[in-house]
Amino acid sequence: MSVSIAILAAGLGTRMRSKRAKVLHRAGGLALVEHVVRAARSLTPPERIVIVTGHQAEDVEALLRPSGVAFVRQGPPKGTGHALACCREKLAHVPGLLMVLYGDTPLLSAATLEKLREAQQRPSAEQSSPAATLITTALDDPSGYGRVLVDAHGNVEAIVEHKDCTAEQRQTRVINSGIYCFQADLLWRHLSEVQPNPASGEYYLTDMAAILRGHGHSVRALHVEDPSELLGINTRIELAEADRILRERKARELMLAGVTIEGPETVTIDASVAVGQDTVIEPFVRLLGHTHIGEDCHIGAGAIVESSVIEDGAMLQPYTVIANSRVGKGASVGPFARLRPNAHLEAGARVGNFVELKNTRLGAGAKAQHLSYLGDTQIGAGSNIGAGTITCNYDGEKKHETRIGEGAFIGSNSTLVAPLDIGAESYVGAGSVITEEVPKGALALGRGRQVNKAGWVEKRRKKSSATP
Ligand code: UD1
Ligand code: CA
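In this text the structure is predicted, and so the values were computed from the model without any measurement.

About the criteria used
- Residues numbered from 1 in each chain as written.
- Chains lettered and ligands numbered in written order.
- Predicted model: local features only at pLDDT ≥ 70, side-chain atom pairs only at ≥ 80, totals over all residues.
- Heavy atoms only, no water.
- Near = heavy atom within 4 Å.
- Polar contact = N/O pair within 3.5 Å; in protein donor to acceptor, adjacent residues only side chain to side chain.
- Areas by Shrake-Rupley, 256 points an atom, 1.4 Å probe, with all protein chains shown as cover.
- Helix = DSSP H or I, 4+ residues; strand = E, 2+ residues; numbered from the N terminus.
- Core = buried A, V, L, I, M, F, W, Y, C linked by side-chain atoms within 4.5 Å.
- Buried < 20%, exposed > 50% of the residue type's maximum accessible area, 1.4 Å probe, protein only.
- Contact = heavy atoms within 4.5 Å.
- Domains from an automatic or database assignment.
- Phe/Tyr/Trp six-rings, centres within 6.5 Å; stacked < 30°, edge-to-face > 60°.
- Lys NZ or Arg CZ within 6 Å of the ring centre and 35° of its normal.
- Pairing = 2+ DSSP bridges.

Caption draft 1: Focus on the site of ligand 1. Taken together, 23 residues lie around ligand 1, and Q74, G79, Y102, E161 and N176 are the ones closest in. Take K78: an N or O atom from its main chain is 3.4 Å from an oxygen atom of ligand 1. Here an oxygen atom of ligand 1 sits 2.8 Å away from a polar atom, N or O, in the main chain of G79. Contact with the protein chains removes 90% of the 760 Å² of surface that ligand 1 exposes when unbound. If you list the elements that add at least two residues to the shell around ligand 1, you get strand 1 (3-9), helix 3 (80-85) and strand 10 (174-183).

Structure representation (C-alpha cells):
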C-alpha cells in the first residue's frame, strides 16, 4: 500500500529558549528536521512527503527544498492536530497510508518506519487492519510525553498528555513517540472531530486515538524496546543527548566498516562523511559536512576537516584545520596547519607547522614546511618553499596570483609580491623581496647586500671612553 508522510515542523519550541525554530537546531551535523526527512525519504518518494511549516517557514523550506519535498504553511500554530489538518488539501485525496512524524525526533531510523508500515498492514487474527498504529516505548523518566492507555487486548484506548494526566495515569511509563501510521481515509473523515484542549486551547492530534476507537475502529501500539530512537527534542539538554547518540552511531558504523577510531566518544563525525578502510582517527577529531577521507589515512588528534577530500594514504598531523580543500594521495599536512578554501595538495606534497594556504595548489611532492602564507598561488611539482615565505596577494583593492614553476627553490623569509611569475628550477635568495618575474633557472636576489665593517666594535669602545 502506498504511503504519504506528513512531518509537523511548524512549532517554535518554547522550551529550547531560542530565537531559532526548534527543528532548525542541529544534531549530528544536520538540522533536526533534516534527519526526519532522510528517514521519510527511504520509505516514499519526496513528492509524497509534506512538511508543515510555520515558525521561520522560509528558513525551514529553503533548507529542505533541495530534497524535493512539498510544503504547507500552518498559520498561528494551534497544536499538532491543527498542523495535520493544514495538509488536508494536499493529502486528503491520496489513498493508502498516511504516516505522521514530528520534526523534532531526529533519531528515528528508516527500519523502524518500515516496521510501522508492516504492523499497520498486517491484519491480526481477530480483526482486519487497524485504523492506526502508533509507536510506543517505556521510559524510565516519561515526564513531558503523552501516556498511552492500552486495554487488556493491547489496543490503544487513548493518549493523554502529561499535563492532563491524573496522578495514576502519570505512573504509566508507556509513552507516545509521536510516530503514527493512519489509514488515510479514516483519518481525514474524523480529524475535524478533534476539539481544542480545555487547558491549552490547542488541537491535539493524540485525541485521534480515542476518536477512532469511539467509531469502533481499533488503534494498535507497536511497542519498541529500545527507546533511543524515539527521543523528542524539547530542550537543549535533549539536543546534546541526540547529538551524542548520532555521533556514537556514526562512529560505530565506521568502526564496523574497518576504520580505527581512538576515543570514539571524543570525535565528531557528521552523517554525510565517508571514511575508507584502515584509516586511523585519533581523539578529538571533527570531520564535518561532505568530507571524504580515503583508505589508510591518518587523522591526527584535534584535526578539523570540513567539506574536503583527503585521498588515500594522506597524513593529517594533530590540530590541522582544513575547509573546502583537497589533500592528495600520500600528502602530509600539519601539525598546526591551516588549509582555507580551495587549497589543493597534489600527491606527496607536504605542508608543515604554521603554514596557511588559500586558493593555492601545491604540485606533486612540493613542500612548504614552516611558517608561511601562500594565497592565490600555483606551485609546480617538487618546488620547495622556505620557512617564512609570504605571498603578498592583496594590494589593498584586488587579489593577485603568484605562479611558481616546477622544481623552484624559494629561500627562507622571502616576500613574493603578486602578480608574479617565478620560473621553473629557479632560486630565490633567502630574505628577498621579489617584485619582478624570475626567469627559468635564474637566481634572484632582492635584498640589500651585506656590508661588514672590520674592527667597528673596538673603534666604538675607544670613542666612548675618550669622551668625558
Ligand atoms: C507530542 C505529543 C506527545 C508525544 C510527544 C513525543 C501531541 C499533542 N503530543 O508532544 O503525546 O509524547 O510529542 O515527542 O501531539 N507542531 C506543529 N504545529 C503546532 C504544534 C506542534 O507543527 O501547532 C510540531 C512541532 O514543530 C514539533 C511537533 O509538532 O516538531 C511536536 O510538537 P511538540 O510541541 O514538541 O509536542 P510535544 O509536547 O513534545
Ligand atoms: Ca516534542
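Caption draft 2: Layout of the nonpolar core. Formed by 47 residues in total, the largest nonpolar core has its most connected members in I281, L287, I299, I310 and L345. Ranked by residue count, the leading element in this core is strand 27 (residues 350-358), at three residues. Leave out the neighbours within four places in its chain, and L287 touches T268, I269, D270, V273, V275, I281, I293, I299 and V305. Judged by nonpolar contacts, the second largest core, of 35 residues, contains A10, L91, L98 and L205.

Caption draft 3: Up close: the domain arrangement of the chain. Examined at the domain level, the chain breaks down into domain 1 (3-230) and domain 2 (250-444). The straight-line distance from the C-alpha centre of domain 1 to that of domain 2 is 48 Å.

Caption draft 4: Representation of the packing of aromatic side chains. Taken as a whole and assessed by the stated rule, the structure comprises five aromatic pairs. Centroid distance Y319 to F336: 5.3 Å. Interplanar angle 15°. Geometry classified as stacked. Here F336 lies in the loop between strand 24 (332-333) and strand 25 (338-339) and Y319 lies in the loop between strand 21 (315-316) and strand 22 (321-323), a separation of 17 residues in the sequence. The partly exposed category is assigned to Y319, whose relative accessible area is 44%. Seen from their ring centres, F409 and Y427 are 5.1 Å apart, and the 20° between their planes marks the pair as stacked. Placement of F409 in strand 34 (residues 409-410) and of Y427 in strand 37 (residues 427-428) is noted, with a sequence separation of 18 residues between them. We classify F409 as partly exposed; its relative accessible area is 34%. Sitting over the ring of Y394, K399 keeps its end group 5.4 Å from the ring centre.

Caption draft 5: Representation of the pairing of strand 6 (residues 97-102). Within strand 6, six of the six residues are buried, which leaves the element mostly enclosed by the surrounding structure. Here strand 6 shows two buried faces, one formed by L97, M99 and L101 and the other by L98, V100 and Y102. Sheet topology places strand 1 next to strand 6; six bridges connect them, and they run parallel. Along strand 6, the bridge assignment pairs S4 with L98. Pairing geometry for strand 6 and strand 10, over four bridges, is antiparallel. Following the sheet pairing, L98 is matched in strand 10 by F182.

Caption draft 6: Local environment of the side chain of T291. For T291, the location among the structural elements is in the loop between strand 16 (286-288) and strand 17 (292-293). Here S308 takes part through its backbone nitrogen, which lies 3.3 Å from a polar atom of the side chain of T291. Discounting residues that sit within four places of it in the chain, T291 has contacts with S272, V273, A274, V305, E306, S307 and S308.

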